[in-house]
Amino acid sequence: MTKTIFYKTIKDVFRQISRRRFKSFMTFFSIAIATVTILLVASSNSYLNTSLDMQLGPQSELSVNYTSENSNKKYGFTNEDKELVNKISGVKSVKLQSEGLSRQLVTKMFSNQSQRTVRSLNEVKINSQLSLLSGTLTDIQNGSATSVLISDELAKQALKGKDNFKKIIGENILLNDKTLHIAGVYYTTSDPNLLPDIIVSQKPLTTIVPKSYDTMVVKTTGENETLLKYLVANQLNKNGSNKDFGRYSIINNQKALAESKSAANAGQFMFIMIGGVSLFVAGFGVMNALYGSISERKKEIGIRRSLGATPWDIQLSFQIEGTILTVIGSIIGIAIALIISGIGKLFDVSLTISLGSVLISFILAIIIGIIFSYIPAIKASTQNVIEALHD
């Protein structure tokens, strides 16, 4: 008997929802949006933490950074540095990574020797702004393996402060002991960070210019990390290829990882709170929808009471209606979140929605439905039967 009454109540609830399609849809929509927000924030935080773990590495990895004393010149790590660190006890392997253009080489011109940065003409992406003070670009543009362009700063150093650049055109320059000739001098003093000291074609770049790397990643045995950090930095600062032009230092990956995760978790908490507030506000939408339903069905409630329905029957009917509204809205929200997650995977954005987060959002929706339908349900169940019938 009780089951029959319950099923009839459920059937009646869906009939009422169907009668008020627009109001029901708006209630579904508000609950769905709040659910999507909570699920996507939870999944995006998981994706962010995984990305941070991958980028900053496990505890058994050290990242070594090199800071040049001259901000206009960029040096880095060489294979000799790699071999040097590999010899340290406790080091399992060393990997060099390049994130940008940081080639440097030993240059000798007119008995002046120095370390200089070099790029190919193709890598200098501002060819149209390259201002020649003397000479020609033709040889470099044609791929000459024996011609170079030098900066006005380097030319002045060779000419002992003078700027008679025509004198230097055609002269020889040694790049890592290979002889090339100077085809032109270009202007760099307006923005020295944009241009290197020397520009060559691709051919000499691949044959005589050693590649310098931006970052060194050291895999360790995981023991005596503090001592190992000191030994690596000390060895490089004493014997590193570019020890005379800057300083080597260890990047504290775990500290950066902890700070990044802390910031990510704070952001996640804020957005989950926003989602929670959205769900709470959606609860008022459920309450408003039920008050509207009570107003429309006042006479029907009176008839049901006169035919023997108890206040509990009326209350249960409206409590179920409110809960069903939030449950359907939550199911729609979960479906939307799963679709967005699937679309994200097509673009290599892994938004993994866990079963736990789905269950939590679903249970929250049920709780919201029960809480916010309680007061309207009580009001409906305590209506005066005579007043309801005469309304």
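If you're wondering where the values come from, they're calculated on a predicted model, not measured in any experiment.

Asks: Run through the overall build of the protein, naming residues and quoting values.
Replies: What the protein contains, in helices and strands, is 12 helices and 11 strands. A total of 391 residues make up the protein; the buried ones form 43% of that total. Looking at the protein as shown, the accessible area adds up to about 21100 Å², and 58% of this sits on carbon and sulfur atoms.

Asks: Go over the pattern of salt bridges with me, naming the residues and quoting the values.
Replies: Inspection of every chain in the model, using the stated rule, returns 3 salt bridges. Measuring nitrogen to oxygen at the nearest pair gives 2.9 Å for the salt bridge that ties Arg116 to Glu153. Of the two residues, Arg116 sits in strand β4 (residues 112-120) while Glu153 sits in helix α5 (residues 152-158), which places them 37 residues apart along the sequence. Arg116 sits in the buried class, given a relative accessible area of 6%. Linked through salt bridges whose partners overlap, the residues forming this network are Arg116, Glu153 and Asp197.

Asks: Please provide a residue-by-residue account of the packing of helix α10 (residues 311-346) against helix α11 (residues 355-381), values included.
Replies: Axes are the key here: two packed helices are described by the angle between their axes and the distance separating the axes. Contact geometry of α10 with α11 gives a least axis separation of 7 Å together with a crossing angle of 150°. Considered as vectors, α10 and α11 are oriented roughly antiparallel to each other. The handedness of the crossing between α10 and α11 comes out as right-handed. Tallied by class, the residues present in the contact of α10 with α11 amount to 16 nonpolar, 10 polar and no charged.

Asks: Tell me about the packing of aromatic side chains, and name the residues and values.
Replies: Under the criterion given, the structure shown has 6 aromatic pairs. Ring geometry for Tyr66 versus Phe77: centroids 6.5 Å apart, planes at 75°, classification edge-to-face. One end of the pair, Tyr66, is in strand β1 (residues 61-68); the other, Phe77, is in the loop between β1 and α3 (79-86), and 11 residues separate them in sequence. Classification of Tyr66 by relative accessible area gives buried; the value is 8%.

Asks: Which residues make up the confidence of the model for the protein, and what are the values?
Replies: Reading fine detail from the predicted coordinates is not recommended where pLDDT is low. For the protein, the average pLDDT comes to 77, and 79% of its residues sit at 70 or higher. When mean pLDDT is compared element by element in the protein, α3 scores highest at 89, while helix α1 (residues 2-19) scores lowest at 66.

What counts as what
Residues numbered from 1 in each chain as written. Predicted model: local features only at pLDDT ≥ 70, side-chain atom pairs only at ≥ 80, totals over all residues. Heavy atoms only, no water. Helix = DSSP H or I, 4+ residues; strand = E, 2+ residues; numbered from the N terminus. Buried < 20%, exposed > 50% of the residue type's maximum accessible area, 1.4 Å probe, protein only. Areas by Shrake-Rupley, 256 points an atom, 1.4 Å probe, with all protein chains shown as cover. Salt bridge = Lys/Arg side-chain N within 4 Å of Asp/Glu carboxyl O. Axes fitted to C-alpha atoms, helices over the stretch in contact; angles between N-to-C directions. Parallel < 35°, antiparallel > 145°, perpendicular 65-115°, else oblique. Left-handed = near helix turned anticlockwise from the far one by under 90°. Nonpolar A, V, L, I, M, F, W, Y, C, P; charged D, E, K, R; others polar. Phe/Tyr/Trp six-rings, centres within 6.5 Å; stacked < 30°, edge-to-face > 60°. pLDDT = per-residue confidence, 0-100.

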